[in-house]
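# Topology and contacts: notes
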Amino acid sequence: MDFDKIKSTLNEGNEYLIELVKKVNFENSFNKPIKGLKNFELFYPKAEKTTIGLKTRGKYSSDYPIGAIVHFTAGQFNKNRQSAIDTLTWAKQEGYTFMIIAYDGTVLQDTPLNEWGYHAGESNWNGLGSSVSNKLVGIEICNAGLLEKKGDKYYSWFNTEIPEDQVREIRINNDNQVKGYFHKYSEAQEEALIELLVWLKNNNPTNFNVDYILGHDEVSGPKGIGYSRKQDPGGSLSMTMTELRNLVKSKI
Ligand SMILES: [Zn+2]
């Protein structure tokens, strides 16, 4: 490029520049998509990438999840990062695939975003049909899940006592949240979840639909909307799933 010539023509209107732009070889410019990949990231830049080898079942039909399912692990709850790694190791044995958010808010990702794996089991949702696992990415959150109150103490199903300040009581059924005692997601986990969901949308706005950010409890009923089989996220999340979708919409 002859920059002196460009400078000398700047005052003559844009035509020279328009012609110049046509000649620039954008194939070599910095924003060229990487060949062989779509123009979106396959790994969340903030995620800790693991190499556990979770099993995927194929590619999403649009090469990207069209939404997400929010879960809790209800596993042997531990605040350590290792607890998330252990869950992924368990998932590999069981044939499940998902992203996971540790108690400290760290997101762990083992498989690329264009490949789907099982995480939701029998499921159904209006507009998605049954078996949502091959359409929506699973996001597990390390959490003890639904609790049982015995006396004035709270216990997970595997009988670990959960301190009262980590318990949320849902007193009346509201949206996807049903009555009961739930282990609260940590603040770091909720922040990480919202940030991840906003990123999933912004990373591929064409394919990802915020209305398809669903709770496992929303899709696990026999006819789609029902609260029969799964309770996650329920009252572990500080808001209903409708409120979460609206919050994500307000941030994109
Ligand atoms: Zn679940």
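Here, every reference points to the structure presented above.
A tally of regular secondary structure across the chain gives six helices and 15 strands. Residues counted as buried form 35% of the 252 residues belonging to the chain. Here the contacts in the chain between residues at least 6 apart in sequence split such that 70% fall between residues at least 24 apart.

Let us now look at the sheet that holds strand 3 (residues 67-70). Ordered in space as 1-5-4-9-3-15, the six strands form an open sheet in which the pairing is mixed. A strand with exactly one partner marks an edge of an open sheet, and here the two such strands are strand 1 (48-49) and strand 15 (213-215). Alignment of strand 4 (residues 99-101) against strand 5 (residues 107-109), held across two bridges, turns out to be antiparallel. Residue pairing for strand 5: isoleucine 101 is matched across the bridge by valine 107. On the sheet, helix 3 (residues 81-94) packs against strand 4, strand 5 and strand 9 (136-141) and is oriented at approximately 155° with respect to strand 4.

The sheet built from five strands is open, its strands ordered 12-11-10-14-13 with antiparallel pairing. The outermost strands of the open sheet, each flanked by one partner alone, are strand 12 (161-162) and strand 13 (167-170). When strand 13 meets strand 14 (residues 180-183), the two strands line up antiparallel, connected through four bridges. What sits directly across from glutamate 169, in strand 14, is tyrosine 181.

Time to look at the packing of helix 4 (residues 187-203) against helix 6 (residues 241-251). Between helix 4 and helix 6, whose axes approach to 10 Å, the crossing angle comes to 60°. The angle between helix 4 and helix 6 places the two elements in the oblique class. At the point where helix 4 passes helix 6, the crossing takes the right-handed sense. Of helix 6, the residues touching helix 4 (which contributes Ile194, Leu197, Val198 and Lys201) are Leu247, Val248 and Lys251. For the contact of helix 4 with helix 6, the class distribution of residues is five nonpolar, no polar and two charged.

Conventions adopted
- Residues numbered from 1 in each chain as written.
- Predicted model: local features only at pLDDT ≥ 70, side-chain atom pairs only at ≥ 80, totals over all residues.
- Helix = DSSP H or I, 4+ residues; strand = E, 2+ residues; numbered from the N terminus.
- Buried ≥ 20, exposed ≤ 12 C-beta atoms within 10 Å, placed from the backbone.
- Contact = placed C-beta atoms within 7 Å.
- Pairing = 2+ DSSP bridges.
- Axes fitted to C-alpha atoms, helices over the stretch in contact; angles between N-to-C directions.
- Parallel < 35°, antiparallel > 145°, perpendicular 65-115°, else oblique.
- Left-handed = near helix turned anticlockwise from the far one by under 90°.
- Nonpolar A, V, L, I, M, F, W, Y, C, P; charged D, E, K, R; others polar.

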